[in-house]
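Structure assessment
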2 protein chains.
Amino acid sequence: MITNMERVKKILNQAGVKPSLQRMAVMSYLMEHKTHPTVDEIFSALSPSIPTLSRTTIYNTLKLLVKQGVVMMLTIDENCTRYDADISEHAHFICSVCGKVYDIEIPHIGDIRLNAGFEVTERHLYVKGVCSKCKGFN
Amino acid sequence: MITNMERVKKILNQAGVKPSLQRMAVMSYLMEHKTHPTVDEIFSALSPSIPTLSRTTIYNTLKLLVKQGVVMMLTIDENCTRYDADISEHAHFICSVCGKVYDIEIPHIGDIRLNAGFEVTERHLYVKGVCSKCKGFN
DNA sequence: ATTAAAATTGTAATGATTACAAATATGGAG
DNA sequence: CTCCATATTTGTAATCATTACAATTTTAAT
């Protein structure tokens, strides 16, 4: 276990989320695996170590973590929702060949002109294309 | 019918899409209704005038139009895919209260630093929040 | 008019997500 | 520690968007 469980517990507490075993496992997994995993990937990874784990718990937990603002929901993949514990401002690239989602550094997201009275809570910059691996490089 | 059917036919032909009755109806609907409709909204709207119309045809047509680059698929709404015949560079705002998707003008999408060998085909800027109507203004 | 290819249709299957009720765990009061 | 109320987890069933697929219809060329 790379991620310090005390650190995970602290993050959840600060977000107002009671740090149960399952919630810590999900949050910890997201922090250790910056691959923008799906619910199923998270479930498959955690299931062996928590045999009673249910998919519903993953869904519940992720919904809660997103609501509390410590996890970001990505809709870049039209097949299923992906999740990211990195809530810093960055963009995502999805390869249309292998489906892998990469992080992209962005100096700043483009200027956005909103009409008066609009309140912004989230900004997402998604880029689609073919990654270097699938293009045959390296 | 506001949109000139000859114009729709021309667009489809130029995109290499044979302009059947159904395809013209879908493309025309998207051009006239800049509301980023879902498959169901398109189906419900066109069904009365084309009684034999099938949902599958809408799905097939949209997939084709997206592949040929005359329609854009939006994944801003986690519940279902939305479609847009405006393929110019612009961003989208979704209201988390009413679910309506608005167009946003953007001077330019943020600078994106990609690693070498990555090929970009699409760029999407999504903003989420609460629209002025749902905030109680106007 | 014939016929092969393309397009459309309807139904059934798939798969992610949600609803919901039962079971379990937690944490405080006595 | 024990009891109880509440929160959390779990498993199953339901929902709903999307896809698969085979049959039917249309199209366009010969």
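Residues numbered from 1 in each chain as written. Chains lettered and ligands numbered in written order. Predicted model: local features only at pLDDT ≥ 70, side-chain atom pairs only at ≥ 80, totals over all residues. Heavy atoms only, no water.

As for the relation of the copies chain A and chain B
Note the cut-off: Copies are brought into register by a least-squares superposition over C-alpha atoms of residues with pLDDT of at least 70 in both. Note on definitions: a residue-residue contact is assigned when non-hydrogen atoms from the two residues lie within 4.5 Å.
Of the two same-sequence chains, chain A is brought onto chain B (RMSD 0.0 Å, axial shift 0.0 Å) by a rotation of 180 degrees. When the rotation and shift are considered jointly, the pair of chain copies conforms to a two-fold rotation axis. Considering only C-alpha atoms, the residue of chain A closest to the rotation axis is Gly-110 of chain A, which sits at 1.9 Å. When the interface residues of chain A are mapped onto chain B, 100% of them again fall at the interface, so both copies present the same face.

Concerning the protein's contact with DNA strand D
Definition in use: Nearness is judged by heavy atoms alone; a residue qualifies as near a molecule or strand once a single heavy atom is within 4 Å of it. Side-chain atoms alone can form a polar contact between residues adjacent in sequence; in general such a contact is a pair of N or O atoms within 3.5 Å, and within protein one must be able to donate a hydrogen while the other accepts it. The numbering of helices and of strands both runs from the N terminus, where a helix is a DSSP run of H or I of at least 4 residues and a strand a run of E of at least 2.
The immediate surroundings of DNA strand D are formed by 16 residues, with Ser-20, Gln-22, Thr-52 and Thr-57 of chain A together with Thr-81 of chain B found nearest. Here, DNA strand D places atoms within 4 Å of the protein, and 76% of those atoms are sugar or phosphate. Between DNA strand D and Ser-20 of chain A there is a distance of 2.2 Å, counted from a phosphate oxygen to a side-chain nitrogen or oxygen. At 3.2 Å, a side-chain N or O of Thr-56 of chain A approaches a base oxygen of DNA strand D. Where the surface near DNA strand D is concerned, the elements lending two or more residues are helix H2 (21-32) and helix H4 (55-67) of chain A together with helix H4 (55-67) of chain B.

Section: the interface of chain A and chain B
Heads up, the condition is: We define buried area as the total accessible area lost by two parts upon association, computed with a 1.4 Å probe and summed across both. The salt bridge criterion pairs a side-chain nitrogen of Lys or Arg with a carboxyl oxygen of Asp or Glu, the two atoms within 4 Å. Two strands qualify as a pair provided that DSSP identifies no fewer than 2 bridges between them.
Taken together, the contact pairs 36 residues of chain A with 36 residues of chain B. Both sides of the chain A and chain B interface together cover about 3200 Å² of buried area, and 61% of this is carbon and sulfur. For the interface between chain A and chain B, the tally reads 4 salt bridges. Of the charged contacts in the structure, one is a salt bridge between Arg-113 of chain B and Glu-105 of chain A, with a shortest N-O distance of 3.9 Å. Put simply, chain A and chain B have 11 residue pairs in polar contact (both at pLDDT 80 or more) between them. Elements with a contribution of two residues or more to the side of chain A that touches chain B: strand E4 (101-104) and strand E5 (119-130) of chain A. At 12 residues, E5 of chain A tops the list of elements feeding residues into the side of chain A that touches chain B. Where E5 of chain A meets strand E5 (residues 119-130) of chain B, 11 bridges bridge the pair, whose relative direction is antiparallel.

Examining the domain arrangement of chain A
The criterion, for reference: Where each domain begins and ends is defined by an automated method or by a domain database.
Each assigned domain of chain A is listed here: domain 1 (4-71) and domain 2 (91-135). Each of domain 1 of chain A and domain 2 of chain A has a C-alpha centre, and the two are 24 Å apart.

Let's talk about the environment of Thr-38 of chain B
Residues and elements named next belong to chain B. Short version of the rule: Only protein chains enter the accessibility calculation, which uses a 1.4 Å probe; a residue whose area is less than 20% of its type maximum is buried, one above 50% is exposed, and one in between is partly exposed.
Relative to the helices and strands, Thr-38 is located in the loop between helix H2 (21-32) and helix H3 (39-46). Classification of Thr-38 by relative accessible area gives buried; the value is 8%. Each C-alpha atom of the pair Thr-38 and Tyr-83 lies 6.5 Å from the other, and the pair is 45 residues apart in sequence. Every residue in contact with Thr-38, bar those within four places of it in the chain, is listed here: Cys-80, Thr-81 and Arg-82.

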